[in-house]
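Residue-level structural notes
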Amino acid sequence: MFELTRRRLLVAASTGLIGACSRTIELFGSGATLPAQQYAAWLAAYAVEAPQVRIAYLPIGSGGGIRQLAHGTVDFGASDVEIDPSERTLLAREVISLPTAIIAVGVCYNLGGVEGLRLSRRVCAAIYVGEITSWRDAAILAENPGINLPNLPIAPVFRADGGGSTALFTSRLASESSALRERVGVGRGARFSVGIGARGSDGVVDLVANIPGAVGYVEVVHALRAGLPVAALDDGHGGFVAPTRAAVLVACQAREPIERGYPLSSPTYLVVPKKWSDPAKGAAMARFSYWVVTAGQASLDGGAAEELAASLLPLPAPLAAFARAELGQLTSGATRLLAID
Amino acid sequence: MSRPSHPPDVSAARLQRSINLPDRALSLFGNVFGFVAPVVVLAIIANLASVVIADAEGSAFLSTSWNPARGHFGVLPFLMGTVVTATVAMAIALPIGVLAAVYLAEVAAPKVARVGAVLLELVAATPAVVVGLWGRSVLVPELNDLSRLVGSAPEGHGFGIVAASLVLATMTIPTIATVSRAILRALPNELREGPMALGATQWETIRSVLLPSARRGLLAAAALGFGRALGETIAVSMVIGGRPSLLPSWGAPSATVSSVLVDEVLDATHPNHIAALAALALVLLVFGALTSAGARVLSRGDAVRA
Amino acid sequence: MSMVALASMVLALAPFAAMVAHALATVRLSAAIVGACASALLASLQLSLITVAIALPVGVIAGMFIAELAGPQAVRWVVLGHDTLASIPPIVLGMFVYAVVVLPLGGFSLFAGAVALALSAIPTIALSSAELLRLVSPSIREATLGLGLPRHRALFLVLLRAVLPGVASVVALTFARALGEVGALLFTAGSSRWLGASAPTAASPLPLEIFVAVQSPSADSQGRAAAMTLTLLLLVSVSSGCSRLLRSVNR
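Since the structure is predicted, the reported quantities are computational estimates derived from the model, not experimental observations. (Residues numbered from 1 in each chain as written. Chains lettered and ligands numbered in written order. Predicted model: local features only at pLDDT ≥ 70, side-chain atom pairs only at ≥ 80, totals over all residues.)

What about the overall build of chain B?
Cut-off, in case you're wondering: Labels follow the DSSP assignment, with helices taken as runs of H or I lasting at least four residues and strands as runs of E lasting at least two, numbered in each case from the N terminus. A residue is called partly exposed when the number of other C-beta atoms within 10 Å of its own lies between 12 and 20, exposed at 12 or fewer, and buried at 20 or more, with C-beta atoms placed from the backbone. Working definition of a contact: two residues with C-beta atoms, positioned from the backbone, lying within 7 Å.
Along its length, chain B carries 12 helices and 2 strands. From first element to last, N terminus to C terminus, chain B shows the α and β order α-α-β-β-α-α-α-α-α-α-α-α-α-α. Counting only C-alpha atoms, chain B reaches 75 × 65 × 30 Å along its principal axes. Here chain B holds 306 residues, and the buried ones make up 53% of them. Pairs at least 24 apart in sequence give 76% of the contacts found in chain B among residues at least 6 apart.

Structural notes on the overall build of chain C
When you go through chain C residue by residue, the secondary structure sums to 9 helices and 0 strands. Starting at the N terminus, the α and β elements of chain C follow one another as α-α-α-α-α-α-α-α-α. The C-alpha extent of chain C, read off along each of the three principal axes, is 70 × 60 × 30 Å. Taking all 251 residues of chain C together, the buried fraction comes to 58%.

Points about the environment of Gly29(A)
Residues and elements named next belong to chain A. With respect to the element layout, Gly-29 can be found in strand E1 (residues 25-31). Gly-29 sits 45 residues away from Val-74 along the chain, and the two C-alpha atoms are 5.1 Å apart. Discounting chain neighbours no more than four positions away, the residues touching Gly-29 are Ile-55, Tyr-57, Val-74, Asp-75, Phe-76, Gly-77 and Ala-78.

Things to note about the sheet that holds strand E10 (residues 240-241) of chain A
Let me state the cut-off plainly: Strands are treated as partners if at least two bridges between them are detected by DSSP.
Strand order across the open sheet formed by 3 strands is E5-E9-E10 (chain A), with mixed pairing between neighbours. Only two strands of the sheet have a single neighbouring strand rather than two, namely strand E5 (118-119) and E10 of chain A.

Description of the interface of chain B and chain A
This is how the line gets drawn: Gly counts as polar in this scheme, as do all residues outside two lists: the nonpolar Ala, Val, Leu, Ile, Met, Phe, Trp, Tyr, Cys and Pro, and the charged Asp, Glu, Lys and Arg.
Opposite the 21 residues of chain B that make contact, chain A presents 28 residues. Listed by contribution, the elements that provide at least two residues to the side of chain B that touches chain A are strand E1 (66-67) and helix H11 (257-264) of chain B. Classifying every residue of the side of chain B that touches chain A gives 8 nonpolar, 8 polar and 5 charged.

Considering the packing of helix H4 (residues 110-124) of chain B against helix H6 (residues 161-186) of chain B
Residue and element names in this part refer to chain B. This is how it is decided: Here an axis means a line fitted to C-alpha atoms, over the contact stretch when the element is a helix, while the angle between two N-to-C directions is reported on a 0 to 180 degree scale. For classification, angles of less than 35 degrees are called roughly parallel, those exceeding 145 degrees roughly antiparallel, those between 65 and 115 degrees roughly perpendicular, and all remaining angles oblique. Crossing handedness is read from the near helix: turned anticlockwise from the far helix by less than a right angle, it gives a left-handed crossing, and turned clockwise, a right-handed one.
Contact pair H4 / H6: the axes reach a minimum separation of 9 Å and the direction vectors enclose 140°. Taken together, the axis directions place H4 and H6 in an arrangement best described as oblique. For H4 against H6, the interelement crossing comes out left-handed. Contact with H4, carried on its side by Ala-117, Leu-120, Glu-121, Val-123 and Ala-124, involves Pro-174, Thr-175, Ala-177, Thr-178 and Arg-181 of H6 and no other residues of that element. Considered class by class, the residues forming the contact of H4 with H6 number 6 nonpolar, 2 polar and 2 charged.

Considering the sheet that holds strand E3 (residues 76-79) of chain A
Residue and element names in this part refer to chain A. Across the sheet, 8 strands lie side by side as E2-E1-E3-E11-E4-E8-E6-E7; this open sheet has mixed pairing. Of all strands in the sheet, those with a lone pairing partner are strand E2 (53-58) and strand E7 (196-198), marking the two edges. When the angles between neighbouring strand axes are averaged without regard to direction, this sheet yields 25°. Where E3 meets strand E11 (residues 265-273), 3 bridges bridge the pair, whose relative direction is antiparallel. Its bridge partner lying in E11, Ser-79 is registered against Tyr-269. On the sheet, helix H7 (residues 164-174) packs against E3, strand E4 (95-109), strand E6 (155-159), strand E8 (214-219) and E11 and is oriented at approximately 110° with respect to E8. Sheet contacts for helix H13 (residues 317-327): E4 and E11; angle to E4, the most-contacted strand, approximately 145°.

Observations regarding the confidence of the model for chain B
Residue and element names in this part refer to chain B. Formally: As a per-residue measure, pLDDT tells how confident the predictor is, with possible values from 0 to 100.
For chain B, the mean per-residue pLDDT works out to 86, and 91% of the residues sit at or above 70. Of all secondary-structure elements in chain B, the lowest mean pLDDT belongs to helix H1 (residues 10-15), at 49, while helix H10 (residues 234-239) reaches the highest, 94. Across residues 302-306, where pLDDT falls below 50, the model places 10 contacts with residues more than four positions away in sequence or in other chains.

What about the nonpolar core?
Which entries qualify depends on this criterion: For this entry, the nonpolar core is defined as buried Ala, Val, Leu, Ile, Met, Phe, Trp, Tyr and Cys residues connected by C-beta atoms within 7 Å. An automatic or database domain assignment supplies the start and end points of every domain.
In this structure, Val208(A), Val167(B), Leu280(B) and Ile122(C) are the most contacted members of the largest nonpolar core, which totals 300 residues. It is helix H2 (residues 31-69) of chain C that contributes the most residues to this core, 18 residues altogether. Residue assignment places this core across two domains, with domain 1 (7-103 + 266-340) and domain 2 (104-265) of chain A each supplying three or more. Once residues within four sequence positions are removed from consideration, Val208(A) is found in contact with Cys108(A), Tyr109(A), Asn110(A), Val157(A), Ala214(A), Val215(A), Gly216(A) and Leu228(A).

With respect to helix H8 (residues 206-213) of chain C
The buried fraction of H8(C) is high, at 8 of 8 residues. Burial in H8(C) covers these residues: Leu206(C), Pro207(C), Leu208(C), Glu209(C), Ile210(C), Phe211(C), Val212(C) and Ala213(C).

As for the pairing of E8(A)
Residues and elements named next belong to chain A. Most of E8 sits out of view: 6 of its 6 residues are buried. As judged from the 5 bridges shared by E4 and E8, these two strands associate in the antiparallel manner. Among the inter-strand pairings, Val-107 is bridged to a residue of E8, identified as Tyr-217. Here E6 runs beside E8; their pairing, made up of 3 bridges, is parallel. Looking across to E8, one finds that Ala-155 is bridged to Ala-214.

So, the confidence of the model for chain C
Residues and elements named next belong to chain C. Here chain C averages 86 in pLDDT, while 95% of its residues score no lower than 70. Mean pLDDT values for the elements of chain C range from 81 in helix H6 (residues 138-146) up to 92 in helix H1 (residues 2-26). Confidence estimates for the predicted assembly give a pTM of 0.88 and an ipTM of 0.89.

A few points about the environment of Ala55(C)
Residues and elements named next belong to chain C. In this fold, Ala-55 is placed in helix H2. Separated by 53 residues in the primary sequence, Ala-55 and Phe-108 place their C-alpha atoms 20 Å from one another. Residues contacting Ala-55, with those up to four places away along its chain left out, are Ala-118, Ala-121, Ile-122, Ile-125 and Thr-174.

Quick word on the packing of helix H5 (residues 128-149) of chain B against H6(B)
All names here are of chain B. Following both chains from N to C, one finds H5 and H6 inclined at 140°, their axes separated by 10 Å at the closest point. The angle between H5 and H6 falls in the class oblique. The interaxial crossing formed by H5 with H6 has right-handed handedness. Touching Ala-128, Val-131, Gly-132, Gly-135, Leu-139, Val-140 and Leu-143 of H5 are Val-162, Ala-163, Leu-166, Val-167, Thr-170 and Met-171, all from H6. Partitioning the contact of H5 with H6 into residue classes produces 10 nonpolar, 3 polar and no charged.

A look at the environment of Ser213(B)
Residue and element names in this part refer to chain B. Along the chain, the position of Ser-213 falls in helix H8 (residues 202-213). For Ser-213, a count of 15 C-beta atoms within 10 Å gives the class partly exposed. Placed 26 residues apart in sequence, Ser-213 and Leu-187 show a C-alpha to C-alpha distance of 7.9 Å. Contacts of Ser-213, omitting those with residues within four sequence positions, involve Leu-187 and Leu-191.

Notes on the pairing of E4(A)
A regular strand carries its side chains on alternate faces of the sheet. All names here are of chain A. Along E4, 13 of the 15 residues are buried, which leaves the element largely enclosed by surrounding structure. For E4 and E11, the ladder comprises 9 bridges, and the chain directions are antiparallel. By the bridge assignment, Ala-101 is partnered in E11 with Thr-268.

Some points on unusual backbone geometry
Despite not being glycine, Ala92(A) has its phi angle at roughly 60°, a positive value. Looking at Ala92(A), the number of C-beta atoms within 10 Å reads 7, which means it is exposed. Positive phi values are uncommon outside glycine, yet His157(B) reaches one of about 50°. Looking at the secondary structure, you find His157(B) in the loop between H5 and H6. For His157(B), a count of 26 C-beta atoms within 10 Å translates into the label buried.

Below, the structure written as structure tokens:
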């Protein structure tokens, strides 16, 4: 019943008994659901690396994680997009946004067996503000010359519960469509006035799979697992690119989104407080985070560059370097927690 | 010698209050536990109100658009969704529920009536999530197919006001039927025998004598059902489509006060967003309290506790 | 006209039959699903037991307070408080418990869920207990007075015993309701699970699992939802049946 509280009390008690030499340190985090599976794998691997550190992660969504971090309920959060200024105000303390892996949001669709669909971001935006309502619209036909599109109305599916994929989708589309910027907004709280709201990635995939003519935005991982085709999006240079591993990694070479590769790509972040009052916990967090952005990246490798991104992708070198540098900002008292080379 | 059945004279009981410890402990616990409910109610109201007052931006809540990313926190679309779904649900559930109660109380043979009453209670205990699952897996696709049969292609593909109202009606009918049946059974037999002796048919009796006599109790049952429909959360959120709109239309997805709470409470971080959701929770609280009080006033003294 | 009434009765019951039929049609009973049902069932029973453990003493003693111990002014406010608490939708109760239990104590737990459910149940138990106590025959009360029993003995040894079946019936009803509730659990017991080596391993209660599983398109998830639905319906029917049985014993 008091699972967490009792556990904490037990840990505190046993900590006091055993002494400083072999303390078990517990860390709790919560936040984004998208990378949850990968985080679970990392936690299991790290438990072998550092058995005296026990970390638990609760995937309740980026917003929930930030609120729990603000309340002090958890030690770190996780978010699919960089946290915005109002969230920093809510947290009321300095945090770093630590990129841990690369995610890709795919535009999946249900056109009765049709594959290889191309959708530019402009067309996607037009669909999601209701300007394009049929699959045989001129704009879509122009981008898909070789494909026999069925004469179906488009049923856009969006996330009713917000989430990181909504934030990523809207932010990457906003540059292409003022209508989207004005009517839908950008961020987790963006709201659409066309289409059907689904709950969770599972919900999006469920609706798209069951409604002919549906289109939805969801993590590529989820779409592939459900057997849904994902569209190729415009790469900013006149071509179309599917969310292959290579295309996704190319788009994330720097902190700012760049006009290359697959556009709906982004790092996913851990939100870690800068200042730690408990030096042991802070050190444990710092070491775990460092492990994630260095040794832990190895488990993300593998898979051909031309394959669709069926899992999270490792950080490209520039982002990994940035992540390591960010970790240098973690302190406890006056001392830096990590000596970064 | 007949005595009125009421508890013993309070002053006499009080005289007996000795200074022994267990009695005082009982009194203490009684006071503490007795006031848990009112205190919690006040705490909830205070908690929600404090969030609203601290972070709300005046009349922004009364605007007609809900878009947290753009700073719009107009709650009216949700109020519309809640009121429309609850009203349509009641329009369906009230006649069916009362008629079902009439069937059990007046028409059916005693054995059939007993079995029917038990079945009704069973159905009334069905968890909302089970109704929601049926709604989403069976009702929504059926509504979609039905609409296409008559030529319209609903935007919501079955999700929306119609599905939500039907789901609410399904959940409210058993409650209304059970309560109405109890009310009808409590009516004295003279009300049935008198008109029949004068030559009225059973249905003329029911329509002209029984139902009017039971009117107050039936209204209480209706108030109870309406209150439930306003506050029902899970089943509605599974079939409504999650898209707030100020003027809900039949074929399009919509949203209600309770569905937006399910969808957005855990993810909201912006203080205005949280305040708007707290305001919506307060609205639900007030709806519930008002309809419940209304039902109590109407039933005044009858044991109408669902 | 009688046909219309009969049709209404059928309409009242038909959706329930459709729900059961759909569950039976889509259910899958793989080993994994049966295992998941079993742990969810255990979590549900745990949750309902904790709920009753909290709500029963508070409710019964509050009922005693209303019926026997409180002055008339206090009774009005206390009863009003209970009626209002009973009318608050469970999701609002869940939001409150999220703010005062989950956020400070650190995370979702069955206990937080039980607190939210107990808040919903206390008014029912209290008001029913008060009603039952009021109906106890005056001769029994006079007997306790005549024997010179102190109040706590009178209440617990005599009056409470007299209304025990009725109270037990309400408790069974509370148990049944707690089994099926989701709204109060969304922000308290949570529909997500802790990951990691030190994660508490409690499963989610049945209705929460159903709520989450419904979202998934795979036939396996649908089969899982159906299996849990059937389990839940069985459990709720049994508890409601017990409640009904105890109610008739009371008479």
